[in-house]
Amino acid sequence: MTALRIGMVGYAFMGAAHSQAWRTVGHFFDLPYEIEMTALCGRSEPQLQAAAARLGWASTETDWRALVARDDIDVIDVAT
């Protein structure tokens, strides 16, 4: 199965809701992809690191431009 690598901007309330959706979308829909929660982006490094660990993201970025420029991201979810 092909991976769909997700990058997301935002980690507060909507970021948590979208993270839950990405984690569980395969339980509700027959997807042709395996979802990979690749990178979470936010401005505040300490809170970002804590959110990434709590929500299940593999890595972080503090600049949205760096997130968009990454070649290991297929979809950007803006949850702000």
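Everything below is about the structure shown above.
The structure presented is a predicted model; accordingly, all values stated were derived computationally and were not measured. (Residues numbered from 1 in each chain as written. Predicted model: local features only at pLDDT ≥ 70, side-chain atom pairs only at ≥ 80, totals over all residues. Heavy atoms only, no water.)

Engineer: Mind laying out the sheet that holds strand 2 (residues 33–41), listing which residues take part and the relevant values?
Structural biologist: Pairing is parallel across the open sheet formed by four strands, whose spatial order is 3-2-1-4. Of all strands in the sheet, those bounded by a partner on one side alone are strand 3 (59–61) and strand 4 (75–78). This sheet shows a mean twist of 35° between the axes of neighbouring strands, independent of strand direction. Strand direction decides the pairing type here: strand 1 (residues 2–9) and strand 4, joined by four bridges, are parallel. Directly across from Val9, in strand 4, lies its bridge partner Val78. (Pairing = 2+ DSSP bridges. Helix = DSSP H or I, 4+ residues; strand = E, 2+ residues; numbered from the N terminus. Axes fitted to C-alpha atoms, helices over the stretch in contact; angles between N-to-C directions.)

Engineer: Account for the nonpolar core, with residues named and values stated.
Structural biologist: Among the nonpolar cores identified, the biggest contains twelve residues, and these are Leu4, Ile6, Met8, Tyr11, Met37, Leu40, Leu48, Ala51, Ala52, Leu55, Trp57 and Ala79. For this core, the secondary structure elements donating two or more residues are strand 1, strand 2 and helix 2 (45–55). In terms of residue count, helix 2 provides more of this core than any other element does, four residues in total. The contacts of Met8, once residues within four sequence positions are left out, are Gly15, His18, Ser19, Ala39, Leu40, Cys41, Trp57, Leu67, Asp77 and Ala79. By size, the runner-up hydrophobic cluster in this structure holds five residues, among which are Ala39, Cys41, Leu67 and Ile73. (Core = buried A, V, L, I, M, F, W, Y, C linked by side-chain atoms within 4.5 Å. Buried < 20%, exposed > 50% of the residue type's maximum accessible area, 1.4 Å probe, protein only. Contact = heavy atoms within 4.5 Å.)

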